[in-house]
Amino acid sequence: MYTDILILSRLASGPAHGYEIKKHVERIVGVKTINNNVLYPALRRFPSDGVIERVSSDAVTGRPPRTVYRLTDVGRDLLLALLHDADPDTLASDAEFQIRVAFFDRLDPPDRLAIIAVRRAHVVSQIALHESLRGEAVDHSWAPKVIDFNVAQLRAELDWLDHLAAQASGTGDG
C-alpha cells in the first residue's frame, strides 16, 4: 500500500509519466523497490477508479510513447485516506509506518498521534514477545544476544516514537 502513497504523492506534485514516477519512488525509498509489475498495473488501475487521468502521450523518436498522468480530486482524497490509515496490521510494517511519518505534514496532530499510538502498541507487544523468548533461549548461548539486540532496537524505536509524539502534537514542523 505504501507504493500507492508514493505514486500518488509524486502525482500530487504535478503530472508525470511512469518512468518519472518510478525514479521518484526509488529516490525516496533509496533502493529499487518498485518494479514495473507493481507500477504499471497501478497506473492502469487508478484511471478506472478515477484516481488519476491520462493527460497526454509524449512521443520521442525511437522510443515507445510515454503516457503522462495527473492526480484527480478523487486521487487527492485517496492519498489522504491512505495516509490516515491507522490499521494495526498495516502499521506493523516498518515501511508503511515510516512512509506515513514522512507525510505527517499532510495530517492534523490528532491523526499523527493516532498513527504513533498504534505503532507504539505494536512495538511494546514486540518487546514483550522477545522478552518471553528469553526462557526458551537458555540452552543456546547466542540466542540471548539476538534477543538483546532486537529489544535494544525496539526500545530505541519507543524513544523515537515518544519524540515523534511530542513533535506531532505541534504545528507539523519537523
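Computed from a predicted structure; not experimentally measured.

So, about the overall build of the protein chain. Helix and strand content of the protein chain: eight helices and three strands. Element order for the protein chain, N to C, with α for helix and β for strand: α-β-α-α-β-β-α-α-α-α-α. Against the compact-globule benchmark of 16 Å for 174 residues, the protein chain has a radius of gyration of 20 Å, which places it well outside the compact range. Projecting the C-alpha coordinates of the protein chain onto the three principal axes gives extents of approximately 65 × 40 × 25 Å. Looking at the protein chain as a whole, 35% of its 174 residues are labelled buried. Long-range pairs, those at least 24 residues apart, make up 57% of the contacts in the protein chain between residues at least 6 apart in sequence. For the protein chain, the exposed surface amounts to about 9,800 Å²; the carbon and sulfur share of it is 54%. Looking at charge distribution, the protein chain has the averaged site of its 20 positive side-chain charges lying 9 Å from that of its 24 negative ones.

Tallying each qualifying case throughout the model produces one aromatic pair. Judged by centre distance (6.0 Å) and plane angle (90°), the rings of Phe 97 and Trp 160 are edge-to-face. Taken together, the positions of Phe 97 in helix H6 (residues 94-102) and Trp 160 in helix H8 (residues 143-168) put the pair 63 residues apart, joining distant regions of the chain. For Phe 97, a relative accessible area of 1% corresponds to the buried category. Its guanidinium or amino end placed over the ring of Trp 142, Lys 145 lies 5.3 Å from that ring's centre, counting from NZ or CZ.

Grouped together as the largest cluster of nonpolar side chains are 36 residues, with contacts concentrated most on Ile 7, Leu 8, Leu 11, Ile 21 and Ile 52. Going through the elements one at a time, helix H1 (2-12), helix H2 (18-29), helix H3 (36-48), strand S3 (66-71), helix H4 (73-84), H6, helix H7 (109-133) and H8 are the ones with two or more residues in this core.

This next bit is on the environment of Ile 34. Along the chain, Ile 34 falls in the loop between H2 and H3. Among the residues examined, Ile 34 registers a relative accessible area of 2% and is labelled buried. Along the chain, Ile 34 and Leu 6 lie 28 residues apart, while their C-alpha atoms are 9.9 Å from each other.

Parameters and conventions
Residues numbered from 1 in each chain as written. Predicted model: local features only at pLDDT ≥ 70, side-chain atom pairs only at ≥ 80, totals over all residues. Heavy atoms only, no water. Helix = DSSP H or I, 4+ residues; strand = E, 2+ residues; numbered from the N terminus. Rg over C-alpha atoms; globule rule 2.2 N^0.38 Å. Buried < 20%, exposed > 50% of the residue type's maximum accessible area, 1.4 Å probe, protein only. Contact = heavy atoms within 4.5 Å. Areas by Shrake-Rupley, 256 points an atom, 1.4 Å probe, with all protein chains shown as cover. Lys, Arg positive; Asp, Glu negative; His and termini not counted. Charge placed at Lys NZ, Arg CZ, Asp CG, Glu CD. Phe/Tyr/Trp six-rings, centres within 6.5 Å; stacked < 30°, edge-to-face > 60°. Lys NZ or Arg CZ within 6 Å of the ring centre and 35° of its normal. Core = buried A, V, L, I, M, F, W, Y, C linked by side-chain atoms within 4.5 Å.

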